[in-house]
Amino acid sequence: MKATPLYNRRALHLPGGDAVIVADLHIGIEYDLSLTGANIPSQTASLASRCTGLCEDHDATTLYIAGDLKHMIAASGDSTEHARMMRQERWDLRMFVQSLSSCAMKLVKGNHDGGLRSSPTLTVHDSGGICIGDVAIAHGHAWPSDEVMQGELLVMGHVHPVVRLRDDLGFSTSKPCWLRAPLLEDVAVERYPDVNPEMEVVVMPAFNPLCGGMAVNTEGILGPMHGIVDVDAAEVYLLDGTRLGSVASLRL
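Residues numbered from 1 in each chain as written. Predicted model: local features only at pLDDT ≥ 70, side-chain atom pairs only at ≥ 80, totals over all residues. Heavy atoms only, no water.

Help me understand the overall build of the protein in this model?
Of the regular secondary structure elements, the protein holds five helices and 15 strands. Taken over C-alpha atoms, the radius of gyration comes to 18 Å for the protein, in line with the 18 Å a tight globule of 252 residues would show. Judged by the C-alpha coordinates and their principal axes, the protein covers about 50 × 50 × 40 Å. The proportion of buried residues among the 252 residues of the protein is 48%. (Helix = DSSP H or I, 4+ residues; strand = E, 2+ residues; numbered from the N terminus. Rg over C-alpha atoms; globule rule 2.2 N^0.38 Å. Buried < 20%, exposed > 50% of the residue type's maximum accessible area, 1.4 Å probe, protein only.)

What's the story with the side chain of His 13 in this structure? I'm lost.
Tracing the backbone through its elements, the reader meets His 13 in strand β2 (residues 11–14). Dropping the residues within four chain positions of it, His 13 is found in contact with Lys 2, Ala 3, Thr 4, Leu 6, Ala 19, Val 20 and His 58. (Contact = heavy atoms within 4.5 Å.)

Would you take a moment to explain the pairing of strand β9 (residues 153–156) for this structure?
Each regular strand carries side chains that alternate between the two faces of the sheet. Residues Leu 153 and Val 155 line one face of β9 and the alternating positions Leu 154 and Met 156 line the opposite face, and both faces are buried. In the sheet, strand β8 (residues 135–137) pairs with β9 via three bridges, with the strands oriented parallel. Residue Ile 137 lies in a different strand from β9, and its bridge partner there is Val 155. With four bridges connecting them, β9 and strand β12 (residues 200–203) associate as parallel partners. (Pairing = 2+ DSSP bridges.)

Can you walk me through the pairing of strand β15 (residues 243–246) in this structure?
One ladder, built from three bridges, connects strand β14 (residues 235–238) with β15; its direction is antiparallel. The residue bridging Glu 235 from the neighbouring strand is Ser 246, located in β15.

Where do I start with unusual backbone geometry in this structure?
Negative phi values dominate among residues other than glycine, just as trans dominates among peptide bonds. In this structure, Asp 18 takes a positive phi of about 50° despite not being glycine. Examined against the element boundaries, Asp 18 turns out to sit in the loop between β2 and β3 (19–22). Positive phi, normally seen in glycine, also occurs at His 158, with a value near 75°. Looking at the secondary structure, you find His 158 in the loop between β9 and β10 (161–166).

So what exactly am I meant to see when it comes to the sheet that holds β3 here?
By way of backbone hydrogen bonds, the strands of a sheet pair with one another, either parallel or antiparallel. Spatially, β1-β2-β3-β4-β5-β6 is the arrangement adopted by the six strands of the open sheet, whose pairing is mixed. The open sheet is flanked by β1 (4–6) and β6 (122–125), the only strands paired with a single partner. On average, each strand axis in the sheet is tilted by 25° relative to the strand beside it, whichever way the strands run. In terms of strand pairing, β1 meets β2 through three bridges, oriented antiparallel. Paired with Pro 5 across the bridge in β2 is Leu 12. (Axes fitted to C-alpha atoms, helices over the stretch in contact; angles between N-to-C directions.)

Help me out: how do you make sense of the nonpolar core in this one?
Where a protein is soluble and globular, its nonpolar side chains tend to be buried together. In this structure, Met 149, Leu 154, Leu 179, Leu 183 and Val 229 are the most contacted members of the largest nonpolar core, which totals 30 residues. Looking at this core, the elements that each hand over two or more residues are β9, β11 (172–182), β12 and β14. Counting residues per element, this core draws most heavily on β11, which supplies three residues. The contacts of Leu 179, once residues within four sequence positions are left out, are Val 201, Val 202, Val 203, Val 216, Ile 221, Ala 234, Glu 235, Val 236 and Val 247. Counting 26 residues, the second-largest nonpolar core is a separate cluster that includes Leu 6, Leu 69, Phe 96 and Val 124. (Core = buried A, V, L, I, M, F, W, Y, C linked by side-chain atoms within 4.5 Å.)

Sorry, what's going on with the environment of Glu 147 here?
Positionally, Glu 147 belongs in the loop between β8 and β9. By relative accessible area, which is 55% here, Glu 147 ends up exposed. In this structure the C-alpha to C-alpha distance between Glu 147 and Asp 194, which are 47 residues apart in sequence, comes to 8.5 Å.

I keep staring at the pattern of salt bridges and nothing clicks. Help me out?
One side chain can pair with another of opposite charge once the charged atoms of both are near each other. In the structure shown here, the tally under the stated rule is five salt bridges. For Arg 251, the salt bridge goes to Asp 232, with nearest N and O atoms at 2.4 Å. Of this pair, Arg 251 sits in the segment after β15 while Asp 232 sits in the loop between α5 (216–219) and β14, and the two are 19 residues apart along the sequence. For Arg 251, a relative accessible area of 39% puts it in the partly exposed group. (Salt bridge = Lys/Arg side-chain N within 4 Å of Asp/Glu carboxyl O.)

Written as structure tokens, this is what we have:
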């Protein structure tokens with residue numbers, strides 16, 4: 001099945017599956033950022049509108065979310081303020097799900113999605129991932145299932161990839177990006193005896209622009225997959241589709 005990046009929209013289109021894939025919405029992150037003094041209004045309506053637009057523009061009947069639909073993580077001894085933010089996030093989640101009621105939503109759990117369960121409008125899958133034909137989806141914070149690793153293409157999030165660039169004067173900036181990488185075959189086969197050694201891995205940019213990023217050309221990638229993905233050979237693309245070259249060629 002063909003997967004087409006929707007450049008400048010931080011999404012993938014699966015024409016053969018009538019579907020769109022996004023990752024790392026982190027609904028509620030603005031409440032967490034408020035603890036640092038940032039005053040950012042709720043972004044949930046904007047996120048819902050963007051997702052609705054993606055489905056409508058591409059006649060998609062299903063929206064797949066490659067983990068981290070929400071942001072806040074409950075902790076023991078939560079403060080009154082944290083509890084208030086958790087309640088606000090739950091309200092925002094309900095609004096988001098209701099706003100996309102015309103499109104089936106399927107979530108592969110990420111590390112921020114604890115407590116989320118399936119409902120009539122949202123199907124929740126475990127972190128091992130799911131397969132849509134020969135395209136697999138996982139979040140990336142945990143090892144994908146054996147079945148997922150037999151696909152042709154693995155789509156994952158979690159990393160919030162950015163590329164750090166430096167100009168001739170020594171000033172640096174970070175840009176959100178896509179990664180397209182092969183596996184380290186020997187290591188992958190050791191971990192997954194039935195893996196497809198020709199599998200390609202696509203690491204998606206965070207759908208929510210408020211998310212911080214990990215500079216792949218200076219820090220690599222997060223999660224267990226960093227050990228079996230050939231990060232140096234990964235190709236880096238900006239959100240508009242501009243190919244910058246391999247991670248190895250962009251090392252600072």
